[in-house]
Amino acid sequence: MGKKKLTTSSGSPVADNQNSQTAGQRGPVVIQDVHLLEKLAHFNRERIPERVVHAKGAGAFGYFEVTHAVNQWTKAKFLSEVGKQTPVFIRFSTVAGEKGAADTERDPRGTAIKFYTEDGNYDLVGNNTPVFFIRDPLKFPDFIHTQKRNPQTNLKDPNAIWDFWSLSPESLHQVTILFSNRGTPKSYRHMHMFGSHTFQWINEQGEAVWVKYHFKTDQGIQNFRREEAVRIAGEDPDYATRDLFEAIEKGDYPSWTLYVQIMPLQDADTYRFDPFDVTKVWSQKDYPLIPVGRIVLNRNPKNYFAEVEQATLSPGNVVPGISFSPDKMLQGRLFAYSDAHRYRVGANHNLLPVNRPISPADNYQRDGAMRFDDNGGSSVNYEPNSFNGPKEVPEAKAPPLPVSGAVDSYPYDRDDHYTQAGDLYRLLSESEQADLIDNIVTAMKPVKPEIQLRQIGHFRKADPDYGARIAEGLGLG
Ligand code: HEM
């Protein structure tokens, strides 16, 4: 093979990549050194805005394989027959930390899955927890402000964190998960992944059901205890990133088994709580786990920036056979992600290799920054047209979603923040309870007493013992 030529980005050979052009041996650098100018200018533009949340992450590729027939509930082609395989990409992340944050921080872990199906990309942008802190999208920016940095000190702010949670008791269930050792998973491989929201599945006959996704780790759940997580944050902040990369590199491919819970459409009206409330789990006694398939990750990205940083995943990317539910949070997210992608990566982000569907994308969108394909060439760019442009696909239509009532700002009508948080507390072993209490007490120590007391009130309502032990730990017993 011949020697590879170094060139500028416009392809012109570079004569010297070690010595800038100067006026004379010791003279100043000259502006005609266009290679130097391009090199410095391109370097200045190497960063794109980091994700406003979930900035620190790691990703890998693999496949999803159907192991059990589910076509009685969904016509999604990638789920249509046992044995069918679909390529996937998963990006794992922490939530609050910046791009350089430590992987072992206490935080939910993001689990964003892209299925490259023949009907377009299906993105399931979930977490390693089945529930969330809030249930109305209007609260999300405020919530995230409390997880990020104090506007004056630029420090993490325990008072803001616990002030918000104590004033938003719907967070209690997720807070209990977060401060258990599941808040510090041992690696991305040793945790479950959840779709969290309720979604809709639609079959060939146009009949719909509500569905929730659970991906159970085949590696088994493993968590760090707090002291270990804190130590590793200092010694090897990229611990989980390294773990994932190295496991795949040596052929130890991580996998997860997908189960779903299916709820008949009409049950939603009469279930004992609002099944679209993302702070709640559905009882597995009422809606048992049904196996569907398996995800295996077996290929590392070749280039982190191209394939992970520029990856754009959105809960709005669904395929025929899968649709949305009235969950307000999910509805809010349908706006937030694609908006972030247009800002962070650009209007044509879906043309990038990691985001491009494997099925041809054909529509009347044209132009925009970095339109690097043929931009539709000479084909017709409007509809309706008489020139054989792409046509609507009526069978892709989801069934109408029934709604009722007047437009207003409605609070949730059923408001039990405590039963499921208490159930979870009572489910933990004695040593898991002890770790939970210790983790919470340690985190709440720097917090103002009136906020501590308000939050202890919530723990007490979940379970008197839960509240009493935290009060005791904080010297407020
Ligand atoms: C990332 C907004 C709730 C999981 C993001 C991003 C935004 C966002 C703007 C950055 C996207 C990007 O720059 O590419 C919101 C809003 C929410 C919400 C407005 C509530 C209304 C949730 C919930 C979950 C979740 C409930 C999980 C169940 C994720 C994950 C990522 C992410 C996994 C990282 C995606 C990736 O790896 O590229 N969110 N989020 N978010 N969010 Fe949310």
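Rules used in this analysis
- Sequence order as written defines the numbering, with residues in each chain counted from 1.
- For a predicted model such as this one, the threshold for reporting local features is a pLDDT of at least 70, and the threshold for listing and counting side-chain atom pairs is 80 or more; totals across whole chains, interfaces and linings nevertheless cover every residue.
- UniProt positions are given in the numbering used here, feature names are shortened, and annotations may be inferred rather than shown by experiment.
- Every helix listed is a DSSP run of H or I at least four residues long, and every strand listed is a run of E at least two residues long, numbered separately from the N terminus.
- Put simply, the radius of gyration uses C-alpha atoms, and a globule should come to 2.2 Å times the residue count raised to 0.38.
- Counting other C-beta atoms within 10 Å of its own, a residue is labelled buried from 20 upward, exposed at 12 or fewer, and partly exposed in the gap between, with every C-beta atom placed from the backbone.
- In this description, a residue-residue contact is defined by the distance between C-beta atoms placed from the backbone, which must lie within 7 Å.
- Strand pairing is assigned whenever DSSP detects at least two bridges linking the two strands.
- For each residue, a C-beta atom is placed from the backbone, and the residue counts as near a molecule or strand when that atom lies within 6 Å of it.
- Amino acids outside the nonpolar list (Ala, Val, Leu, Ile, Met, Phe, Trp, Tyr, Cys, Pro) and the charged list (Asp, Glu, Lys, Arg) are all regarded as polar, and Gly is one of them.
- Residue-level confidence of the predictor, termed pLDDT, takes values from 0 up to 100.
- Every axis in this analysis is a line fitted to C-alpha atoms, fitted for helices over the stretch in contact. Angles between the N-to-C directions lie between 0 and 180 degrees.
- By the definition adopted for this analysis, an angle is roughly parallel if under 35 degrees, roughly antiparallel if over 145, roughly perpendicular if from 65 to 115, and oblique otherwise.
- Crossings are assigned a handedness: left-handed for a near helix turned anticlockwise from the far helix by less than a right angle, right-handed for a clockwise turn.
- Note on terminology: a nonpolar core is any set of buried Ala, Val, Leu, Ile, Met, Phe, Trp, Tyr and Cys residues joined through C-beta atoms within 7 Å.

In the annotation of an unreviewed UniProt entry, the entry for the protein reads Catalase, and the organism field reads Paenibacillus naphthalenovorans. Quoted verbatim from the Cofactor (unreviewed entry) field of the UniProt record, the comment on the protein reads "heme".

Caption draft 1: Seen up close, the overall build of the protein. Across its full length, the protein holds 13 helices and 10 strands. Relative to a compact globule of 477 residues, whose C-alpha radius of gyration would be 23 Å, the protein shows 25 Å and is just as compact. With the C-alpha coordinates of the protein rotated into their principal frame, the extents come out at 80 × 65 × 50 Å. Expressed as a percentage of its 477 residues, the buried residues of the protein come to 36%. Taking all contacts inside the protein whose residues are at least 6 apart in sequence as the whole, residues at least 24 apart take part in 72%.

Caption draft 2: Focus on the pairing of strand β8 (residues 255-264). Here 9 bridges tie strand β7 (residues 208-217) to β8, and the two strands are oriented antiparallel to one another. Along β8, the bridge assignment pairs Val211 with Ile262. Relative to strand β9 (residues 290-299), β8 runs antiparallel, the two being bridged by 6 bridges. Following the sheet pairing, Ser255 is matched in β9 by Val296.

Caption draft 3: Fine view of the UniProt feature "binding site: heme" (unreviewed entry) in the protein. The residues that UniProt annotates with the feature "binding site: heme" (unreviewed entry) are Tyr337. Relative to the helices and strands, Tyr337 resides in helix α9 (residues 328-344). Among the residues examined, Tyr337 registers 19 C-beta atoms within 10 Å and is labelled partly exposed. In this structure Tyr337 touches Val125, Ser314, Pro315 and Gly316, once residues within four positions along its chain are discounted.

Caption draft 4: View of the site of the ligand. If you check the shell around the ligand, you find 28 residues, and the closest are His54, Arg91, Gly110, Pro137 and Ser196. Elements that contribute at least two residues to the shell around the ligand include exactly β2 (85-94), β3 (109-117), β4 (120-127) and α9. When residues of the shell around the ligand are assigned to their parent elements, the largest contribution, 8 residues, is made by α9. By residue class, the composition of the shell around the ligand is 14 nonpolar, 10 polar and 4 charged.

Caption draft 5: Highlighting the UniProt feature "active site" (unreviewed entry) in the protein. Sequence positions flagged by UniProt for "active site" (unreviewed entry) are, in local numbering, His54 and Asn127. Of the residues just listed, which span 74 residues, no C-alpha pair is farther apart than 10.5 Å, and they cluster in one region. Following the sequence through the fold, His54 ends up in the loop between α1 (34-44) and β1 (57-66). On the basis of neighbour counts, which here come to 22 C-beta atoms within 10 Å, the residue His54 falls in the buried class. Mapped onto the secondary structure, Asn127 falls in strand β4. Looking at Asn127, the number of C-beta atoms within 10 Å reads 24, which means it is buried. Residue contacts for Asn127: discarding those within four places in its chain leaves Pro108, Arg109, Gly110, Thr111, Phe194 and Ser196.

Caption draft 6: The confidence of the model for the protein, seen in detail. Put simply, the protein has an average pLDDT of 97, and 100% of its residues get 70 or more. Quick note on the complex model: pTM equals 0.97, ipTM equals 0.98.

Caption draft 7: View of the packing of helix α3 (residues 158-167) against helix α12 (residues 449-462). Contact geometry for α3 and α12: axes closest at 9 Å, N-to-C directions at 40°. What the angle tells us is that α3 and α12 run oblique. The element α3 and its partner α12 pack so that their crossing is left-handed. Between α3, through Asn159, Trp162, Asp163, Trp165 and Ser166, and α12, the contact on the second element is made entirely by Ile451, Arg454, Gln455 and His458.

Caption draft 8: A look at the nonpolar core. Counting 48 residues, the largest nonpolar core has Val88, Ile90, Phe115, Tyr122, Tyr213, Leu244 and Ile322 as the members making the most contacts within it. Apart from the residues lying within four places of it in its own chain, the contact partners of Leu244 are Ala58, Ala60, Phe92, Ser187, Tyr188 and Arg189. Formed by 21 residues, the second largest nonpolar core is a distinct cluster that contains Phe164, Leu424, Ile437 and Ala462.

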